[in-house]
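Structural description and commentary
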Amino acid sequence: MREFHILTYNPDPQLASVVDYDLGSFDHTSLWEGRVPHGGLPTDVKLVVDESKRRSDYIGNPLSWHIVSNAFRSVLD
């Protein structure tokens, strides 16, 4: 039997997170529906990260996007 684990985000106030965003005309609900945008995210999508905080491999954000570092992604690949 396969075992599954739920990844949860610990909102540690010492870790960097997205504090503001501007999606331009991008419909972000397409990501919630599992549709990958052709060509990646549009260049007018801007996510602002609090740089005064410690970086982490999983970035919390108000959009419920799973934003991970390259190191985290390589573990999943």
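Description of the structure in this document. The structure presented is a predicted model; accordingly, all values stated were derived computationally and were not measured. (Residues numbered from 1 in each chain as written. Predicted model: local features only at pLDDT ≥ 70, side-chain atom pairs only at ≥ 80, totals over all residues. Heavy atoms only, no water.)

**Things to note about the packing of aromatic side chains**
Applicable threshold: Pairing of aromatic rings covers Phe, Tyr and the six-membered ring of Trp, with a centre-to-centre limit of 6.5 Å; geometry is then stacked below 30 degrees between planes, edge-to-face above 60, and tilted otherwise. We count a stretch as a helix when DSSP gives it H or I for four or more residues in a row; a strand needs E for two or more, and each element gets its number in order from the N terminus. Type-normalised accessible area, obtained with a 1.4 Å probe on protein chains alone, sets the label of each residue: buried when under 20%, exposed when over 50%, and partly exposed for intermediate values.
Scanning all chains against the criterion turns up two aromatic pairs. Measuring from ring centre to ring centre gives 6.4 Å for F26 and W65, while their planes differ by 80°; the resulting arrangement is edge-to-face. Pair noted here: F26 is in the loop between β1 (18-22) and α1 (29-32) and W65 is in the loop between β3 (58-59) and β4 (67-68), with a separation of 39 residues, a long-range link. Ring centres of Y58 and F72 lie 6.4 Å apart, and the angle between their planes is 45°; on these two criteria the pair is classed as tilted. Placement of Y58 in strand β3 and of F72 in helix α2 (residues 70-76) is noted, with a sequence separation of 14 residues between them. A relative accessible area of 21% places F72 in the partly exposed class.

**Notes on the pattern of salt bridges**
Threshold: Whenever a carboxyl oxygen of Asp or Glu lies within 4 Å of a side-chain nitrogen of Lys or Arg, that contact is scored as a salt bridge.
Within the structure shown, the criterion is met by four salt bridges. Where K53 meets D50, a salt bridge forms, and the shortest distance between an N and an O atom there is 3.9 Å. By relative accessible area, which is 31% here, K53 ends up partly exposed. The residue R55 makes a salt bridge to E51 at a minimum N-O spacing of 3.5 Å. On the basis of relative accessibility, which here comes to 71%, the residue R55 falls in the exposed class.

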